[in-house]
2 protein chains.
Amino acid sequence: MEKYVTTEASKIKRGAKRASYDKATVFQILDDHFICHIPYVYEDTPISIPTIYARFQETLYIHGAMGNRMLNSIASLPQTSITVTHLDGLVLARSAFHHSVNYRSVVVFGKPRVVISEKEKNKALELIVEHMAKGRWEEIRVPNEKEIKITQVLALDITEASAKIRQGPPVDDQEDYDLELWAGVVPVKTIYEKAVPDPDLKFALDTPTSVKKLTENDK
Amino acid sequence: MEKYVTTEASKIKRGAKRASYDKATVFQILDDHFICHIPYVYEDTPISIPTIYARFQETLYIHGAMGNRMLNSIASLPQTSITVTHLDGLVLARSAFHHSVNYRSVVVFGKPRVVISEKEKNKALELIVEHMAKGRWEEIRVPNEKEIKITQVLALDITEASAKIRQGPPVDDQEDYDLELWAGVVPVKTIYEKAVPDPDLKFALDTPTSVKKLTENDK
């Protein structure tokens, strides 16, 4: 399986047995979510901001208003990172110490690149909308020139990535298995509920295909 | 309502009408989740790491192994921040440009403090377990001296915080309401599924109260 090369920045030290650098694993975690957290530094204070992203091959796209502080801050960095986290379960052990969560997370590293070309910008915006709801791009009014102009798009061409995954039951200290205490996992799931049409819709319209697909296949 | 004072670091510029600095709002967002993202800088590269947290009054607690790179990196900073994000819905507008998400997020700022006292450490670990599953602390083996010793606990006494909330239907450009295009919101919910007992349980035990409560009241 194709893997990312790791450096000190991306190599997972704690819980190394949960780490993976396989491209397929990294891409799967990225494709199963669309909200990431982006760290930046504002006057020596690290800040993490949630935003929407999309992946195309080995590039992640994020976007925001021109003048967005986070985007402007990371645009000129030689390297930054983006984190995606899925919470999959509470791991309730016999001991407090071994309480944990089941999760899939990935940190991808790369050099940010401001997307200048109107074509790539438009493609990135399509990817982002499609990543939220597949098929949606064909159902909507696509961006006009002005909207593309006032939108900043940043690409992160992935150079390194590290995934971390915990699954399965609690792992307690050997002697604790003799304690008469319950242990187990409470699975956590993110579901899409029935769509709520905009109360300001002027037309009687069926729920579009992209939306139907979302609520049929929970993410 | 009591509010946090804002500085340039915490003041929300983009989407200022979605911002809130009310303590009650900030606390509610913090209390409704238990996974946060913590930004730090490793050799000039910003990295964001997901971890469990708990709140006690105006203090957040996080923990990890002694030697945890993220904890060690932020421990000595004069100020850092912690972000908590809830995804509440997909906002599917008529135009690509106004696609968005409904969410509640908060960035809290403060000076990190390494918790030295064994008593406060133990209390923080209790708060963290209780934040995952209320009532769990009484059902488990609490940390022993060795476990407390090898665990690092960091407190963040909150000095500033900014919440950002988007709710409700899409908001399109006025002229787009005349387009015969569907728009609406797909609500996103995080649910707890039925607990899966550890297959290595040696005793026939009822599901404990804390776990029952979780699956009854979805978060």
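Asks: Just to check I follow, could you spell out the overall build of chain A for this structure?
Replies: Helix and strand counts for chain A come out as five helices and nine strands. Across chain A, helices and strands are ordered from the amino to the carboxyl terminus as β-α-β-β-β-α-β-β-α-α-β-β-β-α. Judged by the C-alpha coordinates and their principal axes, chain A covers about 65 × 50 × 40 Å. The 219 residues of chain A split such that 55% are buried. On chain A, roughly 9,900 Å² of surface is accessible, and the fraction owed to carbon and sulfur atoms is 52%. The centroid of the 29 positive side-chain charges in chain A is displaced by 4 Å from the centroid of its 31 negative side-chain charges.

Asks: Before we go on, may I ask you to explain the relation of the copies chain A and chain B in this structure?
Replies: Taken together, a rotation about one axis and a shift along it account for how the two chain copies relate. Superposing chain A onto chain B takes a rotation of 180° combined with a translation of 0.0 Å along the rotation axis, leaving an RMSD of 0.0 Å. What we have between these two chains is a two-fold relation. Taking the C-alpha atom as reference, chain A places Thr190(A) closest to the rotation axis, 2.2 Å from it.

Asks: Help me understand the interface of chain A and chain B, please; the structure alone is not making it clear to me.
Replies: When the parts come together, some accessible area is lost, and that loss is often what is quoted as the size of the interface. Chain A puts 96 residues into the contact, and the matching count from chain B is 96 residues. Summed over both partners, the interface of chain A with chain B buries about 7,800 Å², with 65% contributed by carbon and sulfur atoms. Considering only the surface of chain A that becomes buried against chain B, Pro46(A), Arg141(A) and Trp182(A) emerge as the three largest contributors, covering 9% of it. Our count for the contact surface shared by chain A and chain B stands at 10 salt bridges. In this structure, the salt-bridge partner of Asp173(A) is Arg141(B), at a minimum N-O distance of 3.8 Å. If you list the elements that add at least two residues to the side of chain A that touches chain B, you get β2 (35-42), β3 (45-56), β5 (80-92), β6 (100-114), α3 (118-132), β8 (184-192), β9 (196-197) and α5 (209-216) of chain A. At nine residues, the largest contribution of residues to the side of chain A that touches chain B is made by β8(A). Grouping the constituent residues of the side of chain A that touches chain B by class yields 56 nonpolar, 19 polar and 21 charged. Relative to strand β8 (residues 184-192) of chain B, β9(A) is paired through two bridges, and the arrangement is antiparallel. Bridging across to β8(B), Pro197(A) finds its partner in Gly184(B).

Asks: In this structure, what is going on with the pairing of strand β3 (residues 45-56) of chain B? I would like to understand it.
Replies: Residue and element names in this part refer to chain B. β3 sits mainly inside the fold: nine of its 12 residues count as buried. Pairing of strand β2 (residues 35-42) with β3, which is carried by eight bridges, proceeds in the antiparallel orientation. Bridge pairing in β3 links His 37 to Pro 50. Hairpin connection from β2 to β3: two residues lie between these consecutive antiparallel strands, with Glu 43 at a positive phi of about 45°. Hairpin geometry of β3 and strand β4 (residues 59-65) is characterised by an intervening segment of two residues between the two adjacent antiparallel strands and by a positive phi of about 50° at Gln 57.

Asks: Mind showing me how you'd approach α3(A) here?
Replies: Because each turn of an α-helix spans 3.6 residues, side chains separated by three or four positions end up pointing in the same direction. If you check α3(A), its first and last C-alpha atoms are 21 Å apart, about what 15 residues at 1.5 Å a residue would give, namely 21 Å. Among the residues of α3(A), Lys121(A), Ala124(A), Leu125(A), Leu127(A), Ile128(A), Val129(A), His131(A) and Met132(A) are the ones counted as buried.

Asks: Please explain the pattern of salt bridges as it appears in this structure.
Replies: Any two side chains of opposite charge can pair if their charged atoms end up close together. If you walk through the whole model with that rule in mind, you get 35 salt bridges over all chains. The closest approach of N and O atoms between Arg94(A) and Asp172(A), which form a salt bridge, is 2.9 Å. One end of the pair, Arg94(A), is in the loop between β5 and β6; the other, Asp172(A), is in the loop between β7 (151-166) and β8, and 78 residues separate them in sequence. In this structure, Arg94(A) and Asp172(A) share a single accessibility class: buried. Its salt-bridge partner being Lys23(B), residue Glu58(B) comes within 3.1 Å of it at the nearest N-O pair. Of the two residues, Glu58(B) sits in the loop between β3 and β4 while Lys23(B) sits in helix α1 (residues 23-31), which places them 35 residues apart along the sequence. Several salt bridges share partner residues, and in doing so they unite Arg141(A), Glu147(A), Asp173(B) and Asp176(B) into one network.

Asks: Can you walk me through the nonpolar core in this structure?
Replies: One broad trend across soluble globular proteins is that nonpolar side chains are buried collectively. Residues Leu90(A), Leu92(A), Val101(A), Val186(A), Phe34(B) and Tyr61(B) are the most contacted members of the largest nonpolar core, which totals 33 residues. If you tally residues by element for this core, the top one is helix α3 (residues 118-132) of chain B, at six residues. Setting aside its immediate chain neighbours within four residues, Leu90(A) contacts Ser100(A), Val101(A), Gly184(A), Val185(A), Val186(A), Val188(A), Phe34(B), Met132(B), Tyr192(B) and Leu214(B). Of all hydrophobic cores here, the second largest spans 32 residues; its members include Leu125(A), Val129(A), Trp137(A) and Val101(B).

Asks: Honestly, the side chain of His99(B) in this entry has me stumped. Any pointers?
Replies: Structurally, His99(B) is set in the loop between β5 (80-92) and β6 (100-114). Only 2.9 Å separates the side chain of His99(B) from the backbone oxygen of Ser95(B), close enough to count as a polar contact. Those residues in contact with His99(B), other than ones at most four positions away along the chain, are Val129(A), Arg136(A), Ile140(A), Val91(B), Leu92(B) and Ala93(B).

The rules we used
- Residues numbered from 1 in each chain as written.
- Chains lettered and ligands numbered in written order.
- Predicted model: local features only at pLDDT ≥ 70, side-chain atom pairs only at ≥ 80, totals over all residues.
- Heavy atoms only, no water.
- Helix = DSSP H or I, 4+ residues; strand = E, 2+ residues; numbered from the N terminus.
- Buried < 20%, exposed > 50% of the residue type's maximum accessible area, 1.4 Å probe, protein only.
- Areas by Shrake-Rupley, 256 points an atom, 1.4 Å probe, with all protein chains shown as cover.
- Lys, Arg positive; Asp, Glu negative; His and termini not counted.
- Charge placed at Lys NZ, Arg CZ, Asp CG, Glu CD.
- Least-squares fit on C-alpha atoms with pLDDT ≥ 70 in both.
- Contact = heavy atoms within 4.5 Å.
- Buried area = accessible area lost by both parts, 1.4 Å probe.
- Salt bridge = Lys/Arg side-chain N within 4 Å of Asp/Glu carboxyl O.
- Nonpolar A, V, L, I, M, F, W, Y, C, P; charged D, E, K, R; others polar.
- Pairing = 2+ DSSP bridges.
- Expected span 1.5 Å × (residues − 1).
- Core = buried A, V, L, I, M, F, W, Y, C linked by side-chain atoms within 4.5 Å.
- Polar contact = N/O pair within 3.5 Å; in protein donor to acceptor, adjacent residues only side chain to side chain.

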